[in-house]
Amino acid sequence: MLATTKPVDLTNCDREPIHIPGSIQSHGCLLACDGSVAVVRRHSANTAAMLGLGGIDINGATLDDLIGEQATHDIRNAAAKWGSLTRPGLLLGLKIARSDNTFNVAIHRHRRVSIVEFELATEAEVTPPLELARLLIGRIGQVCELDALFDNAARLLRAALGYDRVMIYRFAHDGSGQVISEARRSDLESFHGQHFPASDIPQQARILYLQNTVRIVSDSNGDRVAIEPALDASGEPLDLSFAHLRSVSSVHCEYLRNMGVGASMSISIISGGVLWGLIACHHYEPRVLPMEQRVAAEMFGEFFSLQLDALTQKKKLLASERTRGFLDRLMQNVLPHGEVEDLLRDNVRDFTALLPCDGIGLYINKSWTAHGSTPPAVAVPALMAFIASMADGRVWASNALSECWPSAEDYRAAVSGVMAVPLSQLPRDYLVFFRKEVAQTVNWGGDPNKRYEAGPLGDRLTPRKSFAIWKQEVERQSLPWLQDERDTAEAARTALVEVVMRHSKMLADERHKADLRQKMLNEELNHRVKNILALIKSLVSHPVEEGRSIEAYVTSLKGRIQALSLAHDQVIRGAGGGGLRDLAEAELSPYKDAVARIALDGSDVLLDSRAFSVLALVLHELATNAAKYGALSVNTGRLSLNWQRTETGDCEIDWLERDGPRVHAIAKPGFGSMLIGRSIPYDLGGESEVHYEEPGARVRLLIPARFVTWLTPLARPPVHARLADTTPQVSMRGLKILMVEDQLLIAMDVQTMLMHEGAATVETASSVKEALQGLSVFRPDLAILDVNLGNGSSLPVAHELVARGIPFVFATGYGETSLIPASLGEVPIVRKPYDIISLIAALTTAMAATVPQLR
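Residues numbered from 1 in each chain as written. Predicted model: local features only at pLDDT ≥ 70, side-chain atom pairs only at ≥ 80, totals over all residues. Heavy atoms only, no water.

(A) Up close: the overall build of the protein. For the protein, the count of helices and strands is 22 helices and 36 strands. For the protein, buried positions account for 49% of its 855 residues. Expressed as a percentage of contacts within the protein between residues at least 6 apart in sequence, the contacts between residues at least 24 apart total 68%. Accessible surface, the protein: about 40,200 Å² in total, of which carbon and sulfur atoms supply 52%. (Helix = DSSP H or I, 4+ residues; strand = E, 2+ residues; numbered from the N terminus. Buried < 20%, exposed > 50% of the residue type's maximum accessible area, 1.4 Å probe, protein only. Contact = heavy atoms within 4.5 Å. Areas by Shrake-Rupley, 256 points an atom, 1.4 Å probe, with all protein chains shown as cover.)

The following block contains the structure:
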């Protein structure tokens, strides 16, 4: 039975008790049991129909009687395993006694109540959650810039989960938010760059986003299923804070409907224990996201948050290094100058190079030195007293000074933005950056003001009905101080305080402390990235399904992660790379006392960070295989690892095993073997050859010259060896590309490759219908068509492209072209699996050729 939706009578949306709604969403059912998961105390009104319990009194019955002993046993095990953790235990594909259906189940305990949620398992083929999470995490794990992280995350989640729109939404200090990245269906208007008021997400909802990091709304129409009874014997409602099925506020449902949204999902982005933002997914018709994909999205969200922290810390480190370099150059004049105060005053103008500003002032020992647009000298003492009351020894900034210090209204045109950097631990001396007033236009996603309507039940909160851009003209403000600029100011504060101390005849000692601090910053970044890797190990060590052994997989994956951690340590210490010898010694050191001989020989050579990480994984796999099956598995075994420079400057590596057990080629290579054979060719464009000889395995690896630096002087390679391939290739930069491919993982790989080559847009379609719909609103410059789409061919799309004069290529993994008619026989064909060189070559041919005419 569906519960009746009552109008909301609120004067403030923050008062709505959304954690105890008394109902759930209708795509699942819920049983609330006692703490031992034995007796059902409450249930959702649709439980009997969904679980096949017609005619049974559910409340007071045992869980054994309702769903069977085996299912109850599995649920209790999951509850015991996850009972002390904040996230629920999950069971995928559970069979119960009284129903032929298969269910996905979530179980969690909260306030001594065990809450069991049932959802029908999807019959469609779904990528396992661990595999999908690994796929998504792998795509952003190597990202080095925050903007790339945001753009890749939105694009990857939309491709993987199928929502019409995915946005990265960042909260500002005042609680409002801005869409900083977006991936959307091509016919939808863009929300990118738009601001949304803090009232769009009330405070109690933000608390729940911290507690429950994935939240879905399957249907914005807001159908609810009541919990029976609504109150327990003590008069308490059921707390659904951690329940996936918790029903949705009617105000929020109305808000979504006003946007035209039929279903949504939010993934929390948490940084330093604070809600940094959300990954918001919108769909324009009702949609239930399978639990498998929700689990993957939850893992991805946690990794995204840690990657965000790591890259933010990296930016702080770079800001610190840049600021320290600037101040070190400045402070070279300290000794001849005599007084550090005089040096700072004489060079105050130079500090404008640190931050974009319109003016700068130095207030030290009650003396004021200024340059550019600054407050009147007579107003400075009072302003400095106000800053001292706000800063409390830290960097303090405002882009609306007159709002927090009304006396600044008199000079707001010259100074509306201020950032104060303390020069000592005492609230006395400051370096102050100023910005002028700038009239700005802020684009809001609709009028941000709350609106109320009068009705029979009083004033009722009404979400805005229009989300068209609403422009707000802002005065009495400067351009905002960005986080990067705040980090630079904090780095300057640290360095300047140190400079003042340094002048007190402690120069050598303070320099040593500065070096230690720099190393601590490096170690902090190293520690944060290791935390990311540790999280992956934690996730994959807790499978969501029972009955499937993944111990071997977890062991091998942990080893690979450890190899990456080793590579990262060396990259940090080596400013972007590391030595091949150091890497080999570190990887093989555990075996040096267990075998007869391990020999390393080769000239000193450095690998850049990319090659170092790839080779770390390859050497780890080689050593692991040798320790299991080869020369490192017996005490008589011998291993030699040699490398040398080729005529073209490449690094050729030979791995040779002897006096170990006889090894043979593997009939069906596993992931490790494929990693050895493919990673260097795929990631670096190098070579990898594996030979299983009678005396032992022999492996040849080739790292291209562009990734290596030889430290010993060598003769210049012959001229003919340095000639580059001059075959002209079409640049992908700025091109709009359509890809028709029914395999999600393949489509995502090609999309990533083409975007890396500079393509402006890569729209994907999994069927002929979707592709033709896309062509009605989107004209690509090029197209890639998978010939065989499983339930048909892409030929209707090909004919449409011919009619429109759009060049394209066919792709096939079947090695035959019988599906392609003679009229399209001249269309270039690219073979699967894709590699970017062959793909671009085929696209080049397609663009150079005349588009065939249908006959």
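(B) Quick look at the sheet that holds strand 33 (residues 761-765). In spatial order, the strands read 33-32-34-35-36; together these 5 strands make up an open sheet with parallel pairing. Of all the strands in the sheet, just strand 33 and strand 36 (829-831) have a single pairing partner and so form its edges. Neighbouring strand axes in the sheet, compared pairwise and without regard to direction, differ in orientation by 20° on average. In terms of strand pairing, strand 32 (residues 736-740) meets strand 33 through 5 bridges, oriented parallel. Bridging across to strand 33, V740 finds its partner in A765. Along the sheet face, helix 22 (residues 836-848) touches strand 34 (782-786), strand 35 (808-812) and strand 36 and points at about 120° away from the line of strand 34. (Pairing = 2+ DSSP bridges. Axes fitted to C-alpha atoms, helices over the stretch in contact; angles between N-to-C directions.)

(C) Just the environment of I360, in detail. Following the sequence through the fold, I360 ends up in strand 15 (residues 359-364). Put simply, I360 and M419 are 59 residues apart on the chain and 9.6 Å apart in space, counted from C-alpha to C-alpha. Beyond its immediate chain neighbours, meaning those up to four positions away, I360 contacts V348, F351, T352, T369, A370, H371, T374, L431, V432, F433 and F434.

(D) Spotlight on the pairing of strand 11 (residues 214-217). Residues V214 and I216 point to one face of strand 11 and R215 and V217 to the other, with burial holding for every one of them. Where strand 11 meets strand 13 (residues 263-271), 4 bridges bridge the pair, whose relative direction is antiparallel. The residue of strand 13 that forms the bridge with V217 is S264.

(E) Structural detail: the packing of aromatic side chains. A full pass over the atoms with the stated rule returns 12 aromatic pairs. Consider the rings of F191 and F196, whose centres lie 6.2 Å apart with planes at 70°: the pair is edge-to-face. Ring centres of F386 and W396 lie 5.7 Å apart, and the angle between their planes is 85°; on these two criteria the pair is classed as edge-to-face. Linking F386 in helix 11 (residues 380-391) with W396 in strand 17 (residues 396-398), this pair joins segments that are 10 residues apart in sequence. When its relative accessible area of 10% is taken as the criterion, F386 is described as buried. (Phe/Tyr/Trp six-rings, centres within 6.5 Å; stacked < 30°, edge-to-face > 60°.)

(F) Structural detail: the pattern of salt bridges. Evaluation of the coordinates by the stated rule reveals 19 salt bridges. As a salt-bridge pair, E409 and R412 come within 2.8 Å of each other at their nearest N and O atoms. Residue R412 is classed as partly exposed on the basis of its relative accessible area, which comes to 21%. Via salt bridges that share partners, E652, E687, E689 and R700 belong to a single interconnected network. (Salt bridge = Lys/Arg side-chain N within 4 Å of Asp/Glu carboxyl O.)

(G) Highlighting the side chain of N212. With respect to the secondary-structure elements, N212 resides in the loop between helix 6 (203-211) and strand 11. Of the residues examined, N212 reaches a relative accessible area of 9% and is grouped as buried. The contacts of N212, once residues within four sequence positions are left out, are S241, F242, A243, H244 and S268.

Any link to function would need more than the numbers given here.
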